Amino acid sequence: MQSRPLVGVIACRREVEGHPAHTVTDKYLTVLRDYGLAPVILPVWEGVVQTDLLRPLDGLLLTGSYSNVEPGRYGVARAPENTHDDRHRDAAALAWIPAALDMGLALFGICRGFQEINVAFGGTLHQAVQMVPGLLDHREPEGDREQRYAPAHDIEILPGGRLEALYPQPRAWVNSLHQQGIASLGPGLVAEAVAPDGLVEAISVRDAPGFAMAVQWHPEWRTPEHPLYDALFQAFAGACVARRHAVTITAAADA
Ligand SMILES: N[C@@H](CCC(=O)NCCCC(=O)O)C(=O)O
């Protein structure tokens, strides 16, 4: 019987009860379980980035986080609004993204993960979108979790792209919990959706043969209740299953 595909989930470095810890919030793990995948938390160390951790995996999920990619990673000075780094996560994410693509893993970026993929491809970020003339305030709203993760703005799904292929509708409503956003799109990435102010909200990797997408919103939140969120996780899970099957077939042939 084929085992559930393994999906690596990048950790964030936080202090827990006075000790450095590697953490992932439950919703990223629960959604993978609910879509038939087996989540594996990947530790992050700035000085010891282990790409061999990816070898057993079928997919890689880059989660959201309240920390930001350090601005030096994309060649700009720090903005005063940018106060929360995670250099361990930066080092791991920016090494794992090309490695995962080279290995043919399914790659899914969410919020900070979306921004990491853009930076990994040479793109840059707005550090405080709300301070950019003409752009909206995309920051997390006040309230309880239901209010903070509620749909906040619509997106235009760009025609002819991979997102439209997954979800053939011209628009959708998404939540919005981010201060940073794409300023310049990395070469090799394709814009898949934009917010009403033109901010890119979804991207794909142009030359990736499989699932390699990222979104600025949080589709892990109440996924089955939102057809667009569900379509993304159905496609990601399907890509992970396909890779697991291919690896199993290859192993049997080589035996
Ligand atoms: N720090 C970045 C990304 C914001 C982000 O990921 N927010 C969600 C954090 C909590 C969660 O994982 O749901 C930015 O501010 O743009």
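This one's a predicted model, so the numbers in the text were calculated from it and none came from an experiment. (Residues numbered from 1 in each chain as written. Predicted model: local features only at pLDDT ≥ 70, side-chain atom pairs only at ≥ 80, totals over all residues. Heavy atoms only, no water.)

This paragraph deals with the confidence of the model for the protein chain. For the protein chain, the average pLDDT comes to 97, and 99% of its residues sit at 70 or higher. Complex prediction metrics read pTM 0.98 and ipTM 0.99. (pLDDT = per-residue confidence, 0-100.)

Around the ligand, the structure places 16 residues, and the nearest of them are K27, Y28, N68, Y149 and Q180. One of the backbone nitrogen or oxygen atoms of Q179 is found 3.0 Å away from an oxygen atom of the ligand. Notes on the ligand: free accessible area 430 Å², of which the protein chains cover 94%. At the level of secondary structure, the elements contributing two or more residues to the shell around the ligand comprise α1 (26–34) and α3 (112–120). A class-by-class count of the residues in the shell around the ligand yields 5 nonpolar, 9 polar and 2 charged. (Near = heavy atom within 4 Å. Polar contact = N/O pair within 3.5 Å; in protein donor to acceptor, adjacent residues only side chain to side chain. Areas by Shrake-Rupley, 256 points an atom, 1.4 Å probe, with all protein chains shown as cover. Helix = DSSP H or I, 4+ residues; strand = E, 2+ residues; numbered from the N terminus. Nonpolar A, V, L, I, M, F, W, Y, C, P; charged D, E, K, R; others polar.)

Across the sheet, which stays open at both edges, the 9 strands sit in the order β4-β1-β5-β6-β13-β12-β11-β8-β9 with mixed pairing between neighbours. Looking at the sheet topology across the chains shown, the edges are occupied by β4 (38–42) and β9 (171–174). Recorded for the sheet is a direction-independent mean angle of 25° between the axes of neighbouring strands. Pairing of strand β1 (residues 6–10) with β4 involves 5 bridges; the strand directions are parallel. Bridge pairing links V9 to I41 in β4. Sheet strands touched by α1: β1, β4, β5 (59–62) and β6 (106–110). Its angle to β4, the strand with the most contacts, is close to 150°. Sheet strands in contact with α3 are β5, β6, β11 (189–194), β12 (200–205) and β13 (212–215), and its direction is about 115° off that of β6. (Pairing = 2+ DSSP bridges. Axes fitted to C-alpha atoms, helices over the stretch in contact; angles between N-to-C directions. Contact = heavy atoms within 4.5 Å.)

With that settled, the discussion passes to the pairing of β5. Residues G59 and L61 of β5 are buried on one face, and the alternating residues L60 and L62, pointing to the opposite face, are buried as well. Both β1 and β5 contribute to a ladder of 3 bridges, which runs parallel. Looking at the pairing, V7 lines up with G59 of β5. Each parallel crossover has a hand, and for β5 linked through helix α2 (residues 87–103) to β6 it is right-handed. (Buried < 20%, exposed > 50% of the residue type's maximum accessible area, 1.4 Å probe, protein only. Right-handed = clockwise from strand over helix to strand, strands pointing away.)

A few words now on the packing of aromatic side chains. For the structure shown, the criterion picks out 6 aromatic pairs. Summarising the aromatic geometry, the rings of Y35 and F233 are spaced 5.7 Å apart at their centres and angled 40° between planes, so their arrangement reads as tilted. One end of the pair, Y35, is in the loop between α1 and β4; the other, F233, is in helix α6 (residues 227–254), with 198 residues separating them in the sequence. Here Y35 and F233 have matching classes, each one buried. Between F108 and F211 the ring centres are 5.4 Å apart and the planes differ by 80°, which places this aromatic pair in the edge-to-face class. (Phe/Tyr/Trp six-rings, centres within 6.5 Å; stacked < 30°, edge-to-face > 60°.)

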